[in-house]
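Summary of the model geometry
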Amino acid sequence: MSLRALWIISHEKGEHASIRFSRRFATVELRAKRLSGSSYVAVPEDDCFLQLLLTELGLSGSKQAFVAQRDDCLYRPRSPALELHITAPGKGTLWPVLAISQAHLTLACLPLVDASPGQRPPLSSLLSESQGLSFLAGLQTFLLAPGSKQDGEGLVSRLALLPSVLLQVCPLGTPLELPLTGTLAMPSPLTSAGIQKQPAWRTGLYRGRAVVNVSVVETVRSMQYGNRSRQDLWDVYGTVACKCEVEGVLPNVTVTLSLPPNGSPLQDILVHPCVTSLDSSVLTASSVEHWDGSAFSGPYKFPFSPPLEPFILCSYTSQVPVPPILGSYQLKEEESQLHVSVVLKLHESVKNSFEYCEAHLPFYNRDQMGVVEVKVSSGQLDVSKEKNLLVWALGQKFPKTREVTMEGKILFSGPEPGPSEPLCTGLTAYIKLYFKVPDTTLSGCSVDQHSVQVYSSAKPRIVTSRELHSKDYWIWNSTVFSLPHNHKHKSPP
Amino acid sequence: MASGWVEKVSAFCRSPSRFLFGTSSEVFLAELLRELRDDRANYTVKVLLLSPLCEYPALLCPSDSVGEETALELMSIFTQSPPKFVQFRSQLLVALTCVLTCSSDVSGRLRAFPDFLDLLLQLAQDTSDLHGDAAPRSLRATACDCLREMEALYPGLLSQRLELLGGHRHQETSRLHQAYAGLQALVLRNAVYQLTQEKEAGAAHLRALLGGNESVECEADQNAGPASGKDSAPLSSVIFGPMGTVPTLHTGPDCKELRSALSSLLEESYLFTPLSQAALLYRLTEVVAMVPAIPPTIFRAQLLRLLGTSEVTLLHTTLLMKSAFTDSLFSSEDEAFLFKRLVVLSQHPLLSTPEKLFYMDCILHFPENRPISCGDSDEALPVLLTPRLASALLPVVFNDSATLLSRFNLLSLVYLEAGEEEDGRGLEYLYEHLTSLLRIVESGGKRENVVTFFRAAFLFLFHFHHVERYCDNLSQQLCQLYLQHTRFAPHLINLADRTQEKLPDSSWALGLLKALQRVISETPVSQTTLRDLRWHLKVLTRAAEEGEISQHGTLRFLSGIIPPSSSSLSSSGDWRLGNGILGVCRRLLVHPSLESMFIPLADILQHVAGHYGDTDIRDHARLYYTLLTTLSREKLATVLAHHAEGGQQVKKRTLSCLMTEGEGLTSILTIHETEVAIIRLIEADCEQLEAEDLVQDEAERGEPVLETYRAQFGSAAFASQVTLKFLLTHTETRDARFDQLFSIRLHFSLTDDHYSELQDLSVPCLFRERPPPVVTLTLKPREPYPSSLHVSAIFTTQDGLTWHTTLPDIRVCFQQIFLPLPAPPSWGRAGRQAVFAGLWEEMSSETGECASSLFCCQLEEKALSALVEKHFLPFLVSDPSHKDEFRALLFLPPQSHVLLKISSEEDAVHFCIATDNWELLPHINDYLLKITAS
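Where an unreviewed UniProt entry is consulted, chain B appears under the name AP-5 complex subunit beta-1, with the organism given as Oryzias latipes.

In the nomenclature of an unreviewed UniProt entry, chain A corresponds to AP-5 complex subunit mu-1 from the organism Oryzias latipes. Listed in UniProt under the heading Subunit (unreviewed entry), the comment for chain A reads: "Probably part of the adaptor protein complex 5 (AP-5) a tetramer composed of AP5B1, AP5M1, AP5S1 and AP5Z1." Under the heading Sequence similarities (unreviewed entry), UniProt records this for chain A: "Belongs to the adaptor complexes medium subunit family."

The following block contains the structure:
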């Protein structure tokens, strides 16, 4: 449950890599040494570690096509626990090195293996493994927290804070808590503790009028082929975010999610650890099984004692019968021109009031666009000839018919080749949809303002909201069949 | 000042070895401590100064005594530091913990240890700050964490304090109760574990521990226990102990105290941060696993909350409980539910990729209630994972490569297990998926796509090599891929190597190589570019290694590219290409079917030998040709045989290969590091510098001798060097590999700036059985002080490998810098005496750097003569026969002098010293002490 060392590395796609921060925990290292006896492998110095890690992550030597150490086809279950082979001085294998990356930042740590030496235990038997993952993720959130500029001063100032943060959250290599992302004030004092014990994750006390903010955000993903041989796919998942400003050491709040009368049950529910108790029926529905219609479908009650900072109370997935926007995309090569035909239909159950709705049509592996003669029945069309991209802005509303079309021809006669993408060769092409619909959810899930209960003396102010947005919403050209298989076999009910 | 420290500390932490190259650990430690004691120093900087001690305590305090001193020093700094600097004081506690635990050897424990433990306990109990500001709380929390770490290092250290800790936790209402709980849980687990190791232990002992009323047995325990200094090693997890057995403590049903301690910790577990909560639950799981009298159902109330959690570490704890208690805590419905949960989590859209991969790993190691295979094979498929359930984890091309491969592997296992029942639909899907990946690679995928595809292909072959239909098709597709992108040759060769290595029974790799050979030899030479050709030759070389593959196609291809009429390729004289051709030929020379290829191969070699554009290639071709035509098959095979490793490497390379093919080259080109010092330099027995025969009959000089003497200093080459002789020998470590060393290049680096940089020295060879070679080291002092030098060497061993090693440091002693008076050669004794007299007069005035001193000691007259003879003869200016006063002049390059007048007075021997560099006085004093004492 302890870490031997921790590293924070920044790089630009493997280039200019440097260790921005590193920390070795000497006492844990000593335990590692005594636990593993003769098979002990010491943590190498930073430079050596950096080289080994970059090679293992496939980030080094990007110019060479084949490097045996990096590109061997022998399958080693790599991520999330890597093996680093130290050659000199002191040969051996450093395992399990955990590494997580986001953008230009890679965080790595080496958890202590508290098993008897000899046979390597499975990853899943080491609690330090999940502790390391959690801790790295927490550090990552702290370092890349919004409000700080992504790569500039924000990171530098947060890195500078790290020694004192680590003294709080992980003084001797055993992670105790995650760094707080919000204000970095010292934990505020308790004036009078009383009998009630303060949760360790609640850093202080709130004074003032109780305000509870609950927002349900749903995301819909889709893969549409417009082809009989391949089923269209879509899925929906949602998160319930809360911010609770409530007085008391261990205040009680209950949020209830409810579904419309014949809504399909919320599945795969995951809850925040501050939820005090759960009804077993809440957890029964799962997306990996077929739903037999008899499953529990709410209301879903979540009693909890909130932390001070905003948090995700719970998340769920849902199976909705139809995708919100059904698209059809047809491309035909006519002599040197490409004939484009698109139809998008908004399903009648979805609220016709968007914050934005845009369709992007990129064209890869072709010359740049020359002549574009494309008409749309609604909305505006932007042509970016350099990027070989059509952006169709549909605005806030679909027309009354709930259907929009695009029809036209494109001549790729530009002077230079456009962008390339190995997936989209020939007529394999896609439309990607970006939209956001406020005040609605696809699953119908909602939080009624009156269902939020706060056990406190003063009457609380309660704010609830909903929204739906898209992510990975693809509509593929239906005139070709070359597109590789790319989604679950599973079908919606 | 402060910024200097920031850089210094960060340079140290980045690479301590490099940092300590320029200084020593003692010096750095002393500097750190001095700065820490300095009241004027900024406390933010002081916090930083502690980090080297926290991160590398063993390096800075390499011995018990240094550790002891440092700890005492730090403790006094702690007592003197103002309480308001909480962060500094906390960090100081951390540093103390590190120094006290890491600087001592495994067995010993430092004397400051009990004092520090008392300090920590006192700090941890200090609740006087209840209404104060928040700061001291953090000091208390740090003290608790230090105690927890000490208990982890020395299990049982705090077992007598269990009740006390429980009490503090109970009373504490601030967030600190978490720190107490973590400490209490660990101490409890260690204490119970220790009881399981004692034969007689039972319920009473357990009660005594928890109740804290120390019974006789407990005191006895204490004496034998770790508190007395005999340390037990840190404990590994008891659940996954050796042989999978959990040590147990038989208490009978009566262990109310333990049960209530556990329930109270469990009740409050909700109040802890997920990380601490998971650690606590795991410790308690271990305790319950060791005490059968406590039913695992004690965890029941927490389970539902844990099963629904979004926190990876809490769910993981649940899995670990499952693995510890199986069906005594989890019914088969619970098990099925938990398993489904894992499948859900390993593809949940809201979780991060590493988390999902972790859950996928958990699926493969799922602790089943009734495992079918009890073997300890690494990855066993749980029965619960049906193809239907697993379909949620089908790989898709949009997955990142780690996820994709992990899913591919999992699904392969599932379909392999399902076999016939599933009528091959799953297998079909996997193969289709593989082809999709191939399409992406074909249409110009990035390097990552390429690597992922070949790994997926290997996985597929590994699991389904018996399904010929797919494997044959895969070979064909790979050949097509190769023709389009010859740069994938190394990947294909690697794939062939690996499948052959991992699947010795399968002939797939052979088939692939055969097919590749065929497609290459069928390609018209006119359509081949130079780059393609290089790859083709690589593939053909690999195919030629297989005795079962007929090589006629290869020969055809080679003869196709050889004649200059067909292409300009071979007449271009490209050395690398020629080398490629010869590489294939070399393999063909040892191919079993050489007989049948004799004539075409000889033709090819002859042609290359006669017409290739590069001389080197022609020479080698001629060699091969000669070998082929003159040697018998057996001899040829011996000469060219593969020697995978060992002493033949050099021969193999010089005889038969210009450039090594493939990765074997790396080990030759890499410089290896020796683990211990294998050679050293020892001082050669210096032949005494002879007292020069001086020109006797020399005219008195009119001109001032000192001026003439000093005029020489203008010349750059003037007596500025000191020559030292060493013998280069092996150390005691015997390692046959290093018995014969060649081309040794010695590199010297300075530890201070008293000398100019030194040149590297070369020694041709060093054999253990031969007399050691003499190494002459020429030092050019800037200041004539003693010093030491770091020495390293690079050398070659007999097997052709290059090594780097570090030699023990060599010391440059004070007396080694002495030179006789560098007077012009024509001068006789008189001239020298005149210089002595002149210098003496100047130095006695004690102006500037000049100084004089007196050293006295008791010596018999005879002993004095012997001493002078032994140590000062080359430096004597006076006549050695004048025994009443010896005059010696020590010249120390570049321009210092030490003058000695040695005379026996009534009470003692007087060494009157005069020098023009007063800083030499302590050194000369040390030297005189040393030589007169012996």
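Secondary structure assignment for chain A yields six helices and 22 strands. By principal-axis analysis of the C-alpha atoms, chain A measures approximately 75 × 65 × 45 Å.

So, on to the overall build of chain B. In terms of helices and strands, chain B carries 38 helices and twelve strands. Within chain B, the fraction of its 934 residues that count as buried is 39%. Across chain B, every contact between residues at least 6 apart in sequence was considered, and the portion connecting residues at least 24 apart equals 71%.

Right, let's get into the domain arrangement of chain A. Looking at chain A, the domain boundaries give domain 1 (3-117 + 124-169), domain 2 (211-322 + 442-469) and domain 3 (325-439). For domain 1 of chain A versus domain 2 of chain A, the distance between C-alpha centres works out to 35 Å.

Residues and elements named next belong to chain B. Along the chain, Leu235 falls in the loop between helix 13 (216-224) and helix 14 (256-268). For the pair Leu235 and Leu329, spaced 94 residues apart in sequence, the C-alpha to C-alpha distance is 25 Å. Not counting residues up to four positions away in its chain, the partners in contact with Leu235 are Pro155, Asn190 and Tyr193.

Our next topic: the UniProt feature "domain: AP5B1 C-terminal" (unreviewed entry) in chain B. The sites that carry the UniProt feature "domain: AP5B1 C-terminal" (unreviewed entry) are, in the present numbering, residues 835-931 of chain B. In the segment residues 835-931 of chain B, helix accounts for 34% and strand for 32%; the C-alpha atoms at its two ends are 26 Å apart.

Our focus in this paragraph is the pairing of strand 14 (residues 356-362) of chain A. Residue and element names in this part refer to chain A. Of the two faces of strand 14, only one is covered, namely that formed by Cys357, Ala359 and Leu361; the face formed by Tyr356, Glu358, His360 and Pro362 stays uncovered. As paired strands, strand 14 and strand 17 (residues 389-393) are joined by five bridges and run antiparallel to one another. Following the sheet pairing, Pro362 is matched in strand 17 by Leu389.

Residue and element names in this part refer to chain B. What the four strands build is an open sheet, ordered 9-12-11-10; its pairing is antiparallel. Both edges of this open sheet fall to strand 9 (851-857) and strand 10 (885-892), since each of them pairs with a single strand only. Within this sheet the neighbouring strands show an average axis-to-axis angle of 20°, counted without direction. Sheet topology note: the strand 11 (residues 896-904)/strand 12 (residues 909-915) ladder contains seven bridges and is antiparallel. Paired with Leu899 across the strands is Ala914, a residue of strand 12. Those strands touched by helix 36 (residues 829-844) are strand 9, strand 10, strand 11 and strand 12, and its axis lies near 100° from that of strand 11.

This next bit is on unusual backbone geometry. Cis geometry marks the peptide bond from Trp95 of chain A to Pro96 of chain A, where omega comes out at -10°. As for its placement among the helices and strands, Pro96 of chain A is situated in strand 4 (residues 92-102). Across the junction of Pro893 of chain B and Pro894 of chain B, the peptide omega takes the value 5°, indicating a cis bond. Along the polypeptide, Pro894 of chain B turns up in the loop between strand 10 and strand 11. Unusually for a residue other than glycine, Asp439 of chain A sits at a positive phi of about 55°. Take Asp439 of chain A: it is sitting in the loop between strand 19 (430-438) and strand 20 (446-447). Positive phi, close to 40°, is recorded for Ser743 of chain B, a residue that is not glycine. Within the secondary structure, Ser743 of chain B sits in strand 4 (residues 740-750). Classification of Ser743 of chain B as exposed rests on a count of 12 C-beta atoms within 10 Å.

Residues and elements named next belong to chain B. Where helix 3 (residues 25-37) meets helix 4 (residues 43-55), the closest approach of the two axes is 10 Å, and the angle between their N-to-C directions is 150°. Considering their axes alone, helix 3 and helix 4 lie roughly antiparallel with respect to each other. At the point where helix 3 passes helix 4, the crossing takes the left-handed sense. Residue-level contacts link Leu32, Glu35 and Leu36 of helix 3 to Lys46, Leu49 and Pro52 of helix 4.

Looking now at the packing of helix 27 (residues 530-544) of chain B against helix 29 (residues 575-589) of chain B. All names here are of chain B. The interhelical angle for the contact between helix 27 and helix 29, taken along N-to-C directions, is 15°, at an axis separation of 9 Å. With respect to their mutual orientation, helix 27 and helix 29 come out roughly parallel. For the element pair helix 27 and helix 29, the recorded crossing hand is left-handed. In contact with Leu530, Leu533, Arg534, Leu537, Lys538, Leu540, Thr541 and Ala544 of helix 27, helix 29 contributes Arg576, Leu577, Gly580, Ile581, Gly583, Val584, Arg587 and Leu588.

In this section: the confidence of the model for chain A. Residue and element names in this part refer to chain A. Here chain A averages 87 in pLDDT, while 91% of its residues score no lower than 70. Predicted confidence is poor over residues 183-187, with pLDDT under 50, and the contacts of this stretch with residues over four places away or in other chains come to six contacts. Contacts of residues 485-493 to residues separated by more than four positions or lying in other chains number 23 contacts, the stretch itself having pLDDT below 50.

A few words on the interface of chain A and chain B. Chain A puts 99 residues into the contact, and the matching count from chain B is 115 residues. Tallying contributions element by element places helix 4 (residues 127-143) of chain A first for the side of chain A that touches chain B, with eight residues.

This part is about helix 28 (residues 552-561) of chain B. Residue and element names in this part refer to chain B. If you check which residues of helix 28 are buried, you get Thr554, Leu555, Phe557 and Leu558. Angularly, the buried residues of helix 28 cover 160° about the axis, an arc narrow enough to put them on a single face. Where helix 28 is buried, its residues contact helix 26 (508-522), helix 27, helix 29 and helix 30 (594-611).

With that settled, the discussion passes to the sheet that holds strand 3 (residues 722-730) of chain B. All names here are of chain B. If you trace the three strands from one edge of the open sheet to the other, you get 2-3-6, paired in antiparallel fashion. At either end of the open sheet lies a strand with only one pairing partner, and these are strand 2 (679-683) and strand 6 (774-779). With direction set aside, neighbouring strand axes in the sheet form an average angle of 40°. One ladder, built from six bridges, connects strand 3 with strand 6; its direction is antiparallel. The residue of strand 6 that forms the bridge with Thr723 is Thr778.

It is worth spelling out the environment of Leu53 of chain A at this point. Residues and elements named next belong to chain A. Within the secondary structure, Leu53 sits in helix 2 (residues 46-56). Spatially, the C-alpha atoms of Leu53 and Leu82 are 8.4 Å apart, while their sequence positions differ by 29 residues. Leu53 has contacts with Leu84, Val97, Ala99 and Ala108, leaving out every residue within four places of it along the chain.

On to the environment of Asn409 of chain B, then. Residues and elements named next belong to chain B. One can find Asn409 in helix 21 (residues 401-418). Residue class for Asn409 comes out buried when judged on the 22 C-beta atoms lying within 10 Å of it. C-alpha separation for the pair Asn409 and Trp803, spaced 394 residues apart in sequence, amounts to 41 Å.

Attention now moves to the confidence of the model for chain B. Residue and element names in this part refer to chain B. Put simply, chain B has an average pLDDT of 84, and 88% of its residues get 70 or more. When the criterion is pLDDT under 50, residues 214-230 qualifies, and its contacts beyond four places in sequence or with other chains add up to 18 contacts. Within the model, pLDDT remains below 50 along residues 643-656, and this stretch shows 16 contacts once partners closer than five positions in the same chain are excluded.

What counts and how
- Residues numbered from 1 in each chain as written.
- Chains lettered and ligands numbered in written order.
- Predicted model: local features only at pLDDT ≥ 70, side-chain atom pairs only at ≥ 80, totals over all residues.
- UniProt positions renumbered as here; feature names shortened; annotations may be inferred.
- Helix = DSSP H or I, 4+ residues; strand = E, 2+ residues; numbered from the N terminus.
- Buried ≥ 20, exposed ≤ 12 C-beta atoms within 10 Å, placed from the backbone.
- Contact = placed C-beta atoms within 7 Å.
- Domains from an automatic or database assignment.
- Pairing = 2+ DSSP bridges.
- Axes fitted to C-alpha atoms, helices over the stretch in contact; angles between N-to-C directions.
- Parallel < 35°, antiparallel > 145°, perpendicular 65-115°, else oblique.
- Left-handed = near helix turned anticlockwise from the far one by under 90°.
- pLDDT = per-residue confidence, 0-100.
- Arc of directions from axis to C-beta.

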